[in-house]
Amino acid sequence: MSTEQHVEQHVERYLDDLFDRLGGQGAAGRRMLDEAGDHLRSSAAELVAAGLPQAEAERRAVAAFGESGRIAGLLREVHRGTRRAAAASTGLAIAGWALVMLAGAHLFASLALSMWGTSVPIMRQTATTGAVQLLVAVVVLCGRFAAVKVGWLPSATSVHTTTAAAVAALLGVALLVDLPLAAAQLWDMTGLWRLAAALTTLFAIVNVLVVAVANRAARRTSAAQATARA
Amino acid sequence: MDLRGHLDLLILATLRHAGPVHGYALITALRERSGGAFDLPEGTVYPALHRLESDGLISSEWSTDAPRRRRTYRLTAEGAAAIAVKQREWTVFQRGMRAVLGGTA
């Protein structure tokens, strides 16, 4: 092993250690690692320019930077609140959009029932459920929007937010519509309720498929644009 | 010297004086301006920079004009306003310390 390769290990070994300790900190950890690498190399280069041998320069640069565990701990502390806020923001976005989709499923079912001229009470009850869900969705999404505007929550959400919302809406239909209906079969409920449930479920399933396809197309388009820019 | 509680003000004041700089230059400027008195573990400044950025007091971006990719930090308007507030707090603290220590501070 040459002297230069041996010397390089001072900084490299420190960065490897820091990388291990930054595990699980995502983008913040990666940024910290980049900044630490730049800092240590700049510091060592300055000490070499001042007349120190490369090995000693790197050793001193690493010593002056501080213990890797302490730095990783400080960074974790700083970003803990940020991660919680991001999770809350994403959770509210998923809940809000899931309620919009759930409301859409109910309103679609009530519209279809009204066009077929079936039971008015069942159609009205389905429409009322959808309208209430839409109202709650508006409150949740407006609340989140206001929290983002005043800086309490970050605005960024994952590309999978809408997919998660669509799946949550489907689960909502299963739990709020299909499961109660299955239980009601024991008391021989009217077939029109079964039709309303089937239409709601159909909308929720189609919604999941549409959202998944739309997200996939959006990702492909943005990847193609990134390639074209490069 | 223990800088806990004062590091934010020191970073903000150094950024105001030095203008947009990357982490290493900021730490060097901080050490030089303090005449070597604030010789803290250099790596601990980065988590403080991340915290100040998430508080909106500074902003940062990757600069690609250097041979290596570097994160450049700059003071925001909120950061400039925060310096005035923190400076007033520091003056009160300093006055109190001087009074308690009987003019030896």
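The rules behind the values
Residues numbered from 1 in each chain as written. Chains lettered and ligands numbered in written order. Predicted model: local features only at pLDDT ≥ 70, side-chain atom pairs only at ≥ 80, totals over all residues. Heavy atoms only, no water. Helix = DSSP H or I, 4+ residues; strand = E, 2+ residues; numbered from the N terminus. Buried < 20%, exposed > 50% of the residue type's maximum accessible area, 1.4 Å probe, protein only. Contact = heavy atoms within 4.5 Å. Areas by Shrake-Rupley, 256 points an atom, 1.4 Å probe, with all protein chains shown as cover. Pairing = 2+ DSSP bridges. Phe/Tyr/Trp six-rings, centres within 6.5 Å; stacked < 30°, edge-to-face > 60°. Lys NZ or Arg CZ within 6 Å of the ring centre and 35° of its normal. 1 Å grid on protein atoms, 1.4 Å probe; cavity = no way out; pocket = protein on both sides within 12 Å on 5 of 7 lines; lining within 4 Å. Points joined across faces, edges and corners; volume = space filled by probe spheres on them. Buried area = accessible area lost by both parts, 1.4 Å probe. Salt bridge = Lys/Arg side-chain N within 4 Å of Asp/Glu carboxyl O. Polar contact = N/O pair within 3.5 Å; in protein donor to acceptor, adjacent residues only side chain to side chain. pLDDT = per-residue confidence, 0-100.

On to the overall build of chain B, then. In terms of regular secondary structure, chain B is built from four helices and three strands. Seen in sequence order, chain B has helices and strands lined up from the N terminus as α-β-α-α-β-β-α. Looking at chain B as a whole, 42% of its 105 residues qualify as buried. Across chain B, the fraction of contacts at a sequence separation of at least 24, relative to all contacts at a separation of at least 6, is 46%. Carbon together with sulfur atoms contributes 54% to the accessible area of chain B, which is approximately 5,900 Å² in total.

Once that is clear, we can look at the side chain of histidine 79 of chain A. Looking at where histidine 79 of chain A falls in the secondary structure, it is placed in helix α4 (residues 68-115). With residues up to four places along the chain from it excluded, the contact list for histidine 79 of chain A reads Ala28 of chain A together with His50 of chain B.

All names here are of chain B. As defined by bridge partners, strand β1 (residues 21-22) adjoins strand β3 (residues 70-75) across two bridges and the pair is classed as antiparallel. By the bridge assignment for β3, histidine 22 is matched with threonine 72. Summarising the sheet, strand β2 (residues 58-63) and β3 pair through six bridges and their orientation is antiparallel. Among the inter-strand pairings, serine 59 is bridged to a residue of β3, identified as arginine 74.

A few words on the packing of aromatic side chains. Tallied over the full model, the rule gives four aromatic pairs over all chains. Note on tyrosine 14 of chain A and phenylalanine 65 of chain A: the rings are 5.8 Å apart at their centroids and 85° apart in plane angle, and the pair reads as edge-to-face. With tyrosine 14 of chain A in helix α1 (residues 3-21) and phenylalanine 65 of chain A in helix α3 (residues 54-65), this residue pair connects regions lying 51 residues apart in the sequence. Considered together, tyrosine 14 of chain A and phenylalanine 65 of chain A belong to a single accessibility category, that of buried residues. Clustering of aromatic rings is evident, with ring pairs tying together Tyr14 and Phe65 of chain A together with Tyr46 of chain B. For arginine 69 of chain B, the ring lying beneath its charged end belongs to tryptophan 62 of chain B, and the centroid distance is 3.8 Å.

On to empty space enclosed by the protein. The final tally for this structure, using the stated rule, is one cavity of 30 Å³ or more. The volume enclosed by the largest cavity comes to roughly 60 Å³. Around the largest cavity, the lining residues are Asp34, Glu35 and Asp38 of chain A together with His22, Gly23, Tyr24, Tyr46, Trp62, Arg69, Arg70, Arg71 and Tyr73 of chain B. Contributions of two or more residues to the lining of the largest cavity are made by α2 (26-49) of chain A together with α2 (23-33) and β3 of chain B.

Okay, the interface of chain B and chain A next. Between chain B and chain A, the contact holds 21 residues from the first and 22 residues from the second. Carbon and sulfur atoms make up 56% of the surface buried where chain B meets chain A, a total of about 1,900 Å² over both sides. Where chain B meets chain A, there are three salt bridges. Across the chain B-chain A interface, the total number found is 14 residue pairs in polar contact (both at pLDDT 80 or more).

Let us now look at the confidence of the model for chain B. Detail in the predicted coordinates should be disregarded across regions flagged by low pLDDT. When pLDDT is averaged along chain B, the result is 85; 91% of the residues meet or exceed 70. With pTM at 0.59, the complex prediction returns an ipTM value of 0.84.

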